[in-house]
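# Fold and geometry: a report
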Amino acid sequence: MKRHVLMGIAILMSAVGVQAVDVRSGNAAQSEIPVLTPDAVSTSDLVSSSDLVSTPDAVSSSDFVSTPDAVSSSDFVTTTDLAPSSDLVSSSDLVSATVSTPDAIPSSDPISSSDPATTSEQIPSSTPIPTTDALTGSITDTLTLQEVTVNAAFSSPKNSPLRLTVIDSETLRSRAAARTYPELLKGIPSVYATAETGSYGDAKFNIRGFGQENIAVLLNGIPISGLTSGNMFWNNWMGLADATYAIQLQKGVGASMLSDGSVGGSLNIITSTSSEQFSASAGMSASHFGTYKGYVSISSGVLPKGWAINLMASYVGGKGYVQATDVSAFSYMLNVSKRIGNEHTLLFTALGSPEQHDQRSQRLSMDEINRYGRDYNKNWGVRDGKPYNISRNNYFKPYFTLQHIWNGERLSMKNSVYLAVGSGGGRWTETKGAPILSFTREGLIDWTAVTQANAGADRSYLPSDAPEGNAAMNILSDFMAGHTQTGAVASAEYAITERWKLGAGLHYQYYSTWENEQITDLLGADFWYEDYAGKSLAGLAGRDPYKKVGDYIRTNNGKVTHHGTLYLTASYQAEKFTANIGLSGFGSVNRRWDKYNYTGSDIWSDTAKGLGASVKGGMLWKPSYGHSIYLNGGWYSRLPYPSVWFSSGNNEITENVRNERNTLGELGYRFTWSRGGVEVTGYAAYWKNRSMMSNPYKQADAIGVTKYMVTGLDALHYGVEADAFCRPADWVRLSAFASLGDWRWKNDVEAIIYDNYSYNQVGTVGVYSDGLPVGGAPQTQVGASAQFSIPGGFGIDADWQFNDRMYAEFDPVTRTSSDDRAPAYRIPSYHLLGATLRWTGTLSRSQSANRDRCRLTVYITGANLLDTMYIERGKDGASHDLDTFRGYWGFGRNFTFGLRFTL
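This report concerns the structure included in the present document. (Residues numbered from 1 in each chain as written. Predicted model: local features only at pLDDT ≥ 70, side-chain atom pairs only at ≥ 80, totals over all residues. Heavy atoms only, no water.)

### Some remarks on the overall build of the protein chain
- Of regular secondary structure, the protein chain possesses 6 helices and 45 strands.
- Every one of the 903 residues in the protein chain was classed for burial, and the buried ones make up 63%.
- Pairs at least 24 apart in sequence give 73% of the contacts found in the protein chain among residues at least 6 apart.
- As displayed, the protein chain has an accessible area near 31500 Å², and 58% of this comes from carbon and sulfur atoms. (Helix = DSSP H or I, 4+ residues; strand = E, 2+ residues; numbered from the N terminus. Buried < 20%, exposed > 50% of the residue type's maximum accessible area, 1.4 Å probe, protein only. Contact = heavy atoms within 4.5 Å. Areas by Shrake-Rupley, 256 points an atom, 1.4 Å probe, with all protein chains shown as cover.)

Have a look at this one:
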């Protein structure tokens, strides 16, 4: 029992980023267990109030051997939004884990109901606090979770009226065998995360009906979402779950003042840092369909003169569930930290994931699924005896950060500089007639027919001076793109009194992009005719239009953005009441260059610039024992993305572009007791002046694709969420959730139509969307999970989820008639059932330190155990039914096997 209590305290401290003082084993704990009030329980459910008497959820599954109730699901988010984090999670913890300080350590003395947030300020600094290593679950002498990140929050240190879900490192490792970051978020109410196309690395998620362009993604508190469109390309982060300490998800009003208009929420990825003592871990896994993965992680522990090093390397390879979607990705992370005195810490982090994976970029019809199966991919065919996919992605984006944190007596600062340089692209196609995908045999590309068509192509469209030979109708190319993203963040917080704090911060970011296209294969032809005269705004301009392998065609452009944010915060902290407010102003300057459409000094556009602002705040009141009521809200005036300023694809600035304006709020109630908790939250968000590009990344030969820019869309999202969990016994944990939303477009607008090749504006079209449901995510979700520990080191976790009222994604091409007011195709509801069985054994034990030294965990995870046929995502068709719908079906029943070793 004594060991269980120590683990509970340690995991609670790790959830809030606490660094413990040195331990003296003789004073580790009292024989009587202090009872903490429910108000001291973390929202993330890393520790429930009952867990402090038993064992927390966040303890490693390896503790099954000695601790029956240490359940850690590998297929469900074990950390829920139920108990109030506001009491123990600081404002910075909501978007970043900070360097820990002793004044955040919960007291080991009994805590009365009138003092739910007791800290080490009320106990002698020499009081020994035994702790648990967050990775291995074993007792260590001290806890040094030094997640040095930017303080980008606006709420007070001990109370926050915000919702937070934390996915801990143990859950990440057990779930990340064959999944990308968004898929790790499955099982959270109002969150819809899928693999999208089914290709490994291609993923997508929504929060409360909002897509990724309205969700802020941060790495250790630093914004990393692309400035061009706000989207995240998750293939750049393959395998990095093994370098992640935790994922923190904030729904609704985000705590970060650096995320300019995160309407749906914020996702912060916290990377691992060195533990106090030397440690190592390794693991491997494989899916039954052929994807395999391995990783190794080493932590040096504290070295002489305050240095520490953490290193991770991993590899993902093999075949995907979908046909012809092989993957090969190496990932790494190096973390070096240095303590300077008692107040300063420096942390350098380098990470990256060079990758290559084949894709499924074409949506499918129900008829194709019935004929060829859920793993069907029309992007490939056999060429020269081998599978050959027309869509292959490769990219490498190394990321570097240097962070400094200073914890003074009343003034603290957290500063960062960062640099990311991305480069890559992928296999592409260009066409002048029937596209490659139209040459098929038995559902696959007929490469022989493609080359034969090139050999006998019509030359009537060529100029009279064209060279002899076959002019290609179809070619293969590399469409390459890259960017440089660099910036600096400076933030400070000053404690005026024990209850009042003021904060301020400044963020500058430089973002430069480029893209071009190079011919790689003429497919049996002699040359490709690049129609500068008809497609380039500059005309021929002395360029040779007859292209061979290695020549550049079609595009050679980029954008440069300078973006800045300044914010101020204030917070008030009392025993039963907390209030926070934050104000921010931001601006950007954008220019575009284009060497395809322009020559000489004309390659640069005029400057597109704008200003925006945000106001957000909240309050929390604890009227009595175990009860909390919170209210928060925000208003954003968000700048257009550069892709909106230059939607035409040339240097013309889009007309009538305005800031998006968003107003949102949330009201919630929490209640926790010794063995469980419940929370109910209502939310609303009014979204005005949305700009949306239709099919921005589709290949030019994609059948039926037209590019549109829609501006001025309004939408209203509102709904209610409920969570509950309980521990009827120490060996079982039960949880359930439900969310019900209503998300609708609120007006009719116009869309600009662009030429597929040159992107020149060719007209406008009415878009009749008023009253239509927002598509792309289920508006009704219900889920439950059960976690059991079994004697002998075994554990079983099971989870179930039901999704309903999901509509196909809105596309302007289907809404050009004022008489067409029918909702988009309603995707059928579906159930998914998953389960994990694991066994953990201790291989050796350190007698001197009285701790487990080596542990082995073996597991098998099954997904979609009922083999449900279901649609994950898709686009609405002209008749808004299944016949014209095109989308992606989810994977059938599948299994992943793995093992993990910790030292």
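### Observations concerning the nonpolar core
- Among the nonpolar cores identified, the biggest contains 45 residues, and L713, W745, F810, F885 and W889 are the most heavily contacted of them.
- Not counting residues within four places of it along the chain, the set of residues in contact with F885 comprises L364, S365, A808, Y825, I827, I871, R873, G874, K875 and G877. (Core = buried A, V, L, I, M, F, W, Y, C linked by side-chain atoms within 4.5 Å.)

### Some thoughts on the pattern of salt bridges
- Taken as a whole and assessed by the stated rule, the structure comprises 23 salt bridges.
- Overlapping salt bridges, with partners in common, bring together R208, K251, E666 and E721 in one network. (Salt bridge = Lys/Arg side-chain N within 4 Å of Asp/Glu carboxyl O.)

### Here's the deal with helix α4 (residues 447–455)
- Every buried residue belonging to α4 is among W447, V450 and N454, and all of these are buried. The buried side chains of α4 occupy one side of the element, clustering within an arc of 55° when seen end-on.
- As for α4, its buried residues are in contact with β16 (380–383), β17 (386–389), β22 (444–445) and β23 (474–495).
- Of the residues flanking the start of α4, the one acting as N-cap is D446, its side-chain oxygen 3.2 Å from the backbone nitrogen of T448. (Arc of directions from axis to C-beta. Polar contact = N/O pair within 3.5 Å; in protein donor to acceptor, adjacent residues only side chain to side chain.)

### Comments concerning the packing of aromatic side chains
- Evaluated as defined, the whole model comprises 22 aromatic pairs.
- Centre to centre, the rings of Y529 and Y546 are 5.6 Å apart; their planes meet at 40°, and the pair counts as tilted. On the criterion of sequence distance, the pair formed by Y529 in strand β25 (residues 528–529) and Y546 in strand β26 (residues 546–547) is long-range, its members being 17 residues apart.
- Taken together, the aromatic side chains of Y461, F527, Y529 and Y546 make up a single cluster linked through ring pairs.
- The aromatic ring of W528 is capped on one face by K432, whose charged end is 4.4 Å from the ring centroid.
- Geometry around W593 places K595 over its ring, the cationic atom sitting 5.7 Å from the centre. (Phe/Tyr/Trp six-rings, centres within 6.5 Å; stacked < 30°, edge-to-face > 60°. Lys NZ or Arg CZ within 6 Å of the ring centre and 35° of its normal.)

### Quick notes on a nonpolar patch on the surface
- Residues L303, W307, I309, L311, L334, I340, L346, F348, L402 and V417 make up a contiguous nonpolar surface patch of roughly 770 Å² in combined accessible area.
- Take the nonpolar patch: its biggest share by element is 3 residues, from strand β12 (residues 307–318).
- By secondary structure assignment, the location of L311 is in strand β12. (Patch = residues over 30% accessible without salt bridge, like charges linked within 9 Å, V, L, I, M, F, W, Y side chains within 5 Å.)

### What about unusual backbone geometry?
- At E442, a position not held by glycine, the phi torsion is positive, near 55°.
- Turning to its location among the elements, E442 is positioned in the loop between β21 (440–441) and β22.
- Positive phi values are uncommon outside glycine, yet R554 reaches one of about 65°.
- The class for R554 is buried, based on a relative accessible area of 6%.

### A few points about the pairing of strand β10 (residues 279–287)
- One ladder, built from 8 bridges, connects β10 with strand β11 (residues 291–299); its direction is antiparallel. Paired with A282 across the strands is V296, a residue of β11.
- Turn length for the β10-β11 hairpin, with the two strands adjacent in sequence and antiparallel, is 3 residues, and the turn residue G290 shows positive phi of about 125°.
- Sheet topology note: the β10/strand β45 (residues 894–902) ladder contains 7 bridges and is antiparallel. Each residue of the ladder has a partner; that of A286, found in β45, is F897. (Pairing = 2+ DSSP bridges.)

### With respect to the environment of I653
- Note that I653 resides in the loop between α6 (642–645) and β31 (660–673).
- By relative accessible area, I653 is classed as partly exposed at 28%.
- When the C-alpha positions of I653 and R592 are compared, they lie 9.4 Å apart, and in sequence the two are 61 residues distant.
- Once residues lying within four places of it in the same chain are set aside, the contact partners of I653 are D606, T607, A608, W645 and F646.

### A look at the pairing of strand β38 (residues 794–804)
- Sheet topology places strand β37 (residues 780–790) next to β38; 11 bridges connect them, and they run antiparallel. Pairing of V782 across the sheet is with F802, part of β38.
- As consecutive antiparallel partners, β37 and β38 are separated by 3 residues, and within that stretch G792 has a phi angle of approximately 95°, a positive value.

### What about the side chain of R360?
- Mapped onto the secondary structure, R360 falls in the loop between β15 (355–358) and α3 (366–372).
- Summary of buried charges: R360 has no salt-bridge partner, and the nearest side chain of opposite charge, E872, is 6.7 Å away.
- Setting aside anything within four residues of it in sequence, one finds R360 in contact with T197, G198, S199, V322, T325, R374, D375, Y376, N377, N379, Y888 and W889. (Lys, Arg positive; Asp, Glu negative; His and termini not counted.)

### Concerning the environment of H880
- Looking at the element boundaries, H880 is found in the loop between β43 (871–875) and β44 (886–889).
- Between the alpha carbons of H880 and Y807 there is a distance of 9.8 Å; along the sequence they are 73 residues apart.
- Among all residues touching H880, those that are not within four sequence positions of it are T814, R815, D820, A822, P823, A824 and Y825.
- Within polar-contact distance, the side chain of H880 engages the side chain of R815 at 3.4 Å.
- Reaching out from H880, the side chain makes a polar contact with the side chain of D876 at a distance of 2.7 Å.

### With respect to the sheet that holds strand β3 (residues 164–168)
- If you trace the 5 strands from one edge of the open sheet to the other, you get β3-β8-β9-β6-β7, paired in mixed fashion. Across the chains shown, the open sheet's two edge strands, defined by having one partner strand only, are β3 and β7 (222–223).

### Let's talk about the side chain of D446
- Tracing the chain through its elements places D446 in the loop between β22 and α4.
- R441 provides the closest opposite charge to the buried, salt-bridge-free D446, at an N-O distance of 4.3 Å.
- A polar contact is formed between the side chain of D446 and the backbone nitrogen of T448, at a distance of 3.2 Å.

### What to know about the environment of R690
- Inspection of the secondary structure puts R690 in strand β32 (residues 676–694).
- In sequence terms R690 and A715 are 25 residues apart; their C-alpha atoms lie 8.3 Å from each other.
- Discounting residues that sit within four places of it in the chain, R690 has contacts with E213, E660, V710, T711, G712, L713 and W745.

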